[in-house]
Amino acid sequence: QVQLVESGGGLVQAGGSRRLSCAASRLTFSNFAMGWFRQAPGKEREFVAALNWNGQSTNYADSVKGRFTISRDNAQNTVYLQMNSLKPEDTAVYYCAAALGYGAPKTVVFEYKYWGQGTQVTVSS
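As a starting point, this report considers the structure included with it. (Residues numbered from 1 in each chain as written. Predicted model: local features only at pLDDT ≥ 70, side-chain atom pairs only at ≥ 80, totals over all residues. Heavy atoms only, no water.)

### Let's talk about the state of the cysteines
In step 1: In this structure the tally under the stated criterion is 1 disulfide.
In step 2: One disulfide in the model links Cys-22 with Cys-96; its S-S distance is 1.9 Å. Here Cys-22, found in strand 3 (residues 18-25), pairs with Cys-96, found in strand 9 (residues 92-100); they are 74 residues apart in sequence, far enough to count as distant. Each member of the pair, Cys-22 together with Cys-96, is buried. (Disulfide = S-S within 2.5 Å. Helix = DSSP H or I, 4+ residues; strand = E, 2+ residues; numbered from the N terminus. Buried < 20%, exposed > 50% of the residue type's maximum accessible area, 1.4 Å probe, protein only.)

### Thoughts on the side chain of Lys-106
In step 1: Here Lys-106 shows up in the loop between strand 9 and strand 10 (114-115).
In step 2: Lacking a salt bridge, the buried Lys-106 has Glu-111 as its closest oppositely charged neighbour, with an N-O distance of 4.9 Å.
In step 3: Sequence-distant contacts of Lys-106, defined by excluding residues within four places in its chain, comprise Phe-47, Ala-50, Ala-99, Leu-100, Glu-111 and Tyr-112. (Lys, Arg positive; Asp, Glu negative; His and termini not counted. Salt bridge = Lys/Arg side-chain N within 4 Å of Asp/Glu carboxyl O. Contact = heavy atoms within 4.5 Å.)

### Describing the packing of aromatic side chains
In step 1: Here the structure, examined in full by the defined rule, presents 6 aromatic pairs.
In step 2: Taken together, the ring pairs connect Phe-37, Phe-47, Tyr-112 and Trp-115 into an aromatic cluster.
In step 3: For Arg-45, the ring lying beneath its charged end belongs to Trp-115, and the centroid distance is 4.9 Å. (Phe/Tyr/Trp six-rings, centres within 6.5 Å; stacked < 30°, edge-to-face > 60°. Lys NZ or Arg CZ within 6 Å of the ring centre and 35° of its normal.)

### Notes on the environment of Asn-84
In step 1: As for its placement among the helices and strands, Asn-84 is situated in the loop between strand 8 (78-83) and strand 9.
In step 2: Asn-84 sits 28 residues away from Tyr-112 along the chain, and the two C-alpha atoms are 25 Å apart.
In step 3: Apart from residues no more than four positions distant in its own chain, Asn-84 is found in contact with Gly-16, Ser-17, Arg-67 and Phe-68.

### Details of the environment of Gln-3
In step 1: Counting through the fold element by element, Gln-3 comes out in strand 1 (residues 3-7).
In step 2: Taking relative accessible area as the criterion, Gln-3 reaches 37% and is therefore assigned partly exposed.
In step 3: When the C-alpha atoms of Gln-3 and Lys-87 are compared, they prove to be 30 Å apart, with 84 residues separating the residues in sequence.
In step 4: Not counting residues within four places of it along the chain, the set of residues in contact with Gln-3 comprises Ala-23, Ala-24, Ser-25 and Arg-26.

### Considering the pattern of salt bridges
Where charged atoms of side chains with opposite charge meet at close range, the side chains can pair.
In step 1: Tallied over the entire structure, the rule returns 4 salt bridges.
In step 2: In this structure, Asp-90 engages Arg-38 in a salt bridge whose closest nitrogen and oxygen atoms are separated by 2.9 Å. Residue Asp-90 is found in the loop between strand 8 and strand 9, and its partner Arg-38 is found in strand 4 (residues 32-39); the two are separated by 52 residues along the sequence.
In step 3: Residue Asp-90 is classed as buried on the basis of its relative accessible area, which comes to 0%.
In step 4: Put simply, Asp-62 and Lys-65 hold a salt bridge, and the shortest N to O gap is 3.2 Å.
In step 5: Bridged by salt links that share partners, the residues Arg-38, Glu-46, Arg-67 and Asp-90 form one connected network.

Now the structure itself:
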């Protein structure tokens, strides 16, 4: 059974940084595009960032462009989300997800087959 396990969440002050990690197991990691989504209380899950199978192509939500960076290490079966200049509105549960295929980074929830359990990021003002 495929597993995606996020880590790195926590409480951070506005303006600070946080790095999320997502370790994948029981899948051929390089066959998958990866993405990060987030969900705040009372809101729908929204796209944050994604990259293709080799990390050469990335896509970001407008709200995080220039502040967040997605990357992956296929040798370690891990995808990362470096979050800088955090804002209170970034507070949410962050999920990583895997989408089978070699195409462009995917930005829509239903394109992803596997999901992690999420990690809470809280940004205090």
